[in-house]
Amino acid sequence: MPPTALLPEPAAERVLPTLNQDGTRRWLRPTPSRGRFFRRRRGLAWGLIVLFALIPYLRMSGKPLILLDVVRRQFTLFGTTFLPTDTVLLMLLLVGIFLAIFWLTAVYGRVWCGWACPQTVYMEFLYRPIERLIEGGPRAQSDLDRRGWTLRRLVKHAVFVGLSLFLAHTFLAYFVGVEELRRWVTRSPVEHPAAFLVMATTTALMFLDFGWFREQVCMVACPYGRLQSVLLDRRSLIVGYDAQRGEPRGTYRDRRASRDELAATRAGDSPGARVMVTGDSPGARVMVVGDSPGAGAFGDCIDCGACVVTCPTGIDIRQGLQMECIHCTQCMDACDAVMDRIGRPPGLIRYSSKDQLQGGPRRILRPRVVVYPLLVLLVWGALGVALAHRSPAEITVLRGLGSPFTLLPSGEVSNQLRVKIVNRGSEERHYRIHLAEDAILRLVAPANPLPVGGGKSATATVFVIAPRSAFVHGQRDIRLHVEDEGGFGTATPYRLMGPSE
Ligand code: SF4
Ligand code: SF4
């Protein structure tokens, strides 16, 4: 036990919603609010879960819809394969995606986080519901937290491991493709230990994320979440609390006290107060103005805390827009249900903008919502033009391994070349390699034409045989032609090496 002087001082206030003041983890056990937004999000979430699982199996133009083959450095997106040499195209694609994200965020705020991000979708609509099913509601879960390991908790973790295995396989299918994944799954781990290690690590990371780290991903790890303060402005769509309507808050007891005040006023006990009451329910809007004790005006917020206990990131939306808020709309559903019960209109917490919540007009147009789409159009337009003019195959000619040239017994000079052909199309092509317009040179190629499958690459080793007299100062420039049956043809310049005299 360290000396008391070495123990950390408790924080003056809560630093993160997921931390207690002494620095220990504060587990969040949100109560689901099954309102209209929840139902829509759940429908979308299940659609997305199915889509995320299906995408690796979908094909477009004979290629995977999405395949991020990091090992071979080939990225296939919507039927188009990008190679490492397509740096400019990839850069245009990424810049376009980032600009589109900036634009959508400026207009719709964190709609991605709350409705479509896999972290939110899996956490709120897969892992948490299973957790509630096995362990019970928030109170039962907190009780289990105190009791430590129990059979229920073990069962939950076993189910989480199974789910994480499934998600890890789905996730890796985006990077290795379903055929390779099938091989991984059907072969013994001993035969492919590296692949097995990748799978085990990914499963462990999934389990740690959804079983332990959870909402902290959105708060401290996700770069998109950290960028919100610069991506949003006062007119962006946010989930916001209408303080003008809700404040000052008054609990049921406060309102009862005001009613008593009202009764006293009517009885003439407090002649200085003016009172206005609307409705008869406990949540009735009670305005008590004047110098009597307890005088004041109550807003619609009855301080029930329903919006706080339902929040998956543990914040109180009534404190204003916070970086932890993922705009999941749970507080909107919770508060609408409360408003319904107390006979007040819904929307005390609603989709709005900072300007509107402070009584300003609803204005969408501003420079960034015009500039971003224009830039997106420009960048993606350039990408479209570049793609339309991209060669259907990529040819790279490299010098053979070993000595730069060989002197043959016939007295001729042989240069070994490696011709790498990448077929960007989806069909198999046959590539013919030849030397044009050079009668004194001979090409020897073991496989010519060379078949290359759609989206695949192949390297042919060829030899160019030349008489000694063909070289000037030990060099001769040639052009190596590669053509396919579909009309593709290209000539690559190459310098042969030979004896210098
Ligand atoms: S749910 Fe609505 S009424 Fe209840 S505390 Fe939150 S804002 Fe106030
Ligand atoms: S404050 Fe509301 S919208 Fe934001 S994360 Fe919490 S429940 Fe979701």
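Not measured: the values here are computed from a predicted model.

A.B. asks: When you look at the overall build of the protein in this model, what are you seeing that I'm missing?
C.D. replies: If you tally the helices and strands in the protein, you get 17 helices and 19 strands. Expressed as a percentage of the 501 residues in the protein, the buried residues total 26%. Considering only contacts in the protein between residues 6 or more positions apart, those separated by 24 or more positions represent 67%.

A.B. asks: Whenever I open this one, the site of ligand 2 confuses me. Can you help?
C.D. replies: Within the structure, ligand 2 sits among 14 residues, and Cys-311, Ile-317, Cys-325, Cys-328 and Cys-331 are positioned closest to it. Across the shell around ligand 2, the residue classes tally to 9 nonpolar, 5 polar and no charged.

A.B. asks: Looking at this structure, I do not really get the pairing of strand β19 (residues 489–497). What am I missing?
C.D. replies: A regular strand carries its side chains on alternate faces of the sheet. Relative to β19, strand β18 (residues 475–484) is paired through 9 bridges, and the arrangement is antiparallel. Within β19, the position partnered with Ile-478 by the bridge is Tyr-494. Two successive antiparallel strands, β18 and β19, enclose a turn made up of 4 residues, where Gly-487 displays a positive phi of approximately 100°.

A.B. asks: Would you mind showing me how to read the sheet that holds strand β5 (residues 80–82) here?
C.D. replies: Hydrogen bonds between backbone atoms are what pair the strands of a sheet, whose relative direction is either parallel or antiparallel. Overall, antiparallel pairing links the 3 strands, which are arranged β3-β4-β5 in an open sheet. Bordering the open sheet on either side are β3 (66–69) and β5, each of which pairs with just one other strand. Strand-to-strand twist in this sheet, taken as the mean axis angle between neighbours without regard to direction, amounts to 20°.

A.B. asks: How should the site of ligand 1 be read in this particular structure?
C.D. replies: Around ligand 1, the surrounding shell holds 15 residues, and the nearest of these are Cys-301, Cys-304, Ala-306, Cys-307 and Cys-335. Elements supplying a minimum of two residues to the shell around ligand 1: α14 (306–309) and α15 (330–341). It is α15 that contributes the most residues to the shell around ligand 1, 3 residues altogether. Split by residue class, the shell around ligand 1 holds 11 nonpolar, 2 polar and 2 charged.

A.B. asks: How do you make sense of the pairing of strand β6 (residues 238–241) when you look at a structure like this?
C.D. replies: The two faces of β6 match: Ile-238 and Gly-240 on one face and Val-239 and Tyr-241 on the other face are all buried. When β6 meets strand β10 (residues 349–352), the two strands line up antiparallel, connected through 4 bridges. Within the sheet, the bridge partner assigned to Tyr-241 lies in β10 and is Ile-349.

A.B. asks: How should unusual backbone geometry be read in this particular structure?
C.D. replies: For residues that are not glycine, phi is negative in most cases, and the peptide bond is trans in most cases. Backbone torsion omega between Glu-247 and Pro-248 reads -10°, so that peptide bond is classified as cis. Mapped onto the fold, Pro-248 is located in the loop between α12 (243–246) and α13 (252–266). The omega angle of the peptide bond from Asn-448 to Pro-449 is 10°, so this bond is cis rather than trans. When you line up the elements, Pro-449 lands in the loop between β15 (442–444) and β16 (450–452). A positive phi angle is found at Asp-303, which is not glycine, with a value near 55°. With respect to the helices and strands, the residue Asp-303 is situated in the loop between β9 (296–297) and α14.

A.B. asks: Where do I start with the sheet that holds β19 in this structure?
C.D. replies: Spatial strand order, β16-β14-β18-β19: 4 strands in an open sheet with antiparallel pairing. Bordering the open sheet on either side are β16 and β19, each of which pairs with just one other strand. Direction aside, the axes of adjacent strands within the sheet are offset by 30° on average.

A.B. asks: Help me out: how do you make sense of α15 in this one?
C.D. replies: Each α-helix winds once per 3.6 residues, and so residues spaced three or four apart point in a common direction. Taking 1.5 Å per residue as the helical rise, α15 with its 12 residues ought to reach 16 Å, and the 17 Å between its terminal C-alpha atoms agrees with that figure. Listing the buried residues of α15 in full gives Gln-330, Cys-331, Met-332, Asp-333, Ala-334, Cys-335, Asp-336 and Val-338. The inward-facing, buried residues of α15 abut α1 (36–54), β6, α14 and β10. A positive backbone phi angle near 75° is found at Gly-343, which sits one or two residues after α15.

A.B. asks: Before we go on, may I ask you to explain the confidence of the model for the protein in this structure?
C.D. replies: Low-pLDDT stretches of the model should not have their predicted coordinates read in fine detail. Averaged over all residues, the pLDDT of the protein equals 87, while 89% of them reach at least 70. Confidence, read as mean pLDDT per element, is least for strand β8 (residues 285–290) in the protein (44) and greatest for α1 (97). The low-confidence segment residues 270–295, where pLDDT is below 50, has 59 contacts with residues more than four positions distant or belonging to other chains.

A.B. asks: Help me understand the nonpolar core, please; the structure alone is not making it clear to me.
C.D. replies: Generally speaking, a soluble globular protein has its nonpolar side chains buried in company with each other. Val-239, Cys-307, Ile-317, Cys-331, Cys-335 and Ile-349 are the most contacted members of the largest nonpolar core, which totals 37 residues. Contributions of two or more residues to this core are made by α1, α4 (118–135), α6 (151–176), α8 (193–213), α9 (216–221), β6, α14 and α15. Element by element, the count of residues in this core is highest for α15, at 5 residues. Summarising the domain contributions, this core has at least three residues from each of domain 2 (110–231) and domain 3 (238–357). Within the second largest apolar cluster, 18 residues are counted, among which are Tyr-431, Leu-450, Val-464 and Ile-478.

Cut-off values and rules
Sequence positions are assigned chain by chain, starting from 1 and proceeding in written order. Just so you know, chain letters begin at A and ligand numbers begin at 1, following the order they were written in. A pLDDT threshold of at least 70 governs which residues receive local features in this predicted model, and a stricter bar of 80 or more applies before side-chain atom pairs are shown or counted, although totals over entire chains, interfaces and linings include all residues. Secondary structure elements are taken from DSSP: a helix is a run of H or I of four residues or more, a strand is a run of E of two residues or more, and numbering for both begins at the N terminus. Burial is judged by counting the other C-beta atoms within 10 Å of a residue's own C-beta: 20 or more makes it buried, 12 or fewer makes it exposed, and any count in between marks it as partly exposed, with every C-beta position built from the backbone. Distance between backbone-placed C-beta atoms decides contact: two residues are in contact if it is within 7 Å. Placing the C-beta atom from the backbone, one calls a residue near a molecule or strand if that atom lies within 6 Å of it. Residue type decides the class: Asp, Glu, Lys and Arg count as charged, Ala, Val, Leu, Ile, Met, Phe, Trp, Tyr, Cys and Pro as nonpolar, and the leftover types, Gly among them, as polar. The rule for pairing is simple: two strands pair if DSSP sees at least two bridges between them. Only the contacting stretch of a helix is used when fitting its axis, a line to C-alpha atoms as for every element, and angles between N-to-C directions run 0 to 180 degrees. Take the number of residues in a helix, subtract one, and multiply by 1.5 Å to get its expected span. Residue-level confidence of the predictor is summarised by pLDDT, bounded by 0 at the bottom and 100 at the top. By definition, a nonpolar core groups buried Ala, Val, Leu, Ile, Met, Phe, Trp, Tyr and Cys residues that connect through C-beta atoms lying within 7 Å of each other. Per the annotation, domain bounds derive from an automatic or database assignment of domains.

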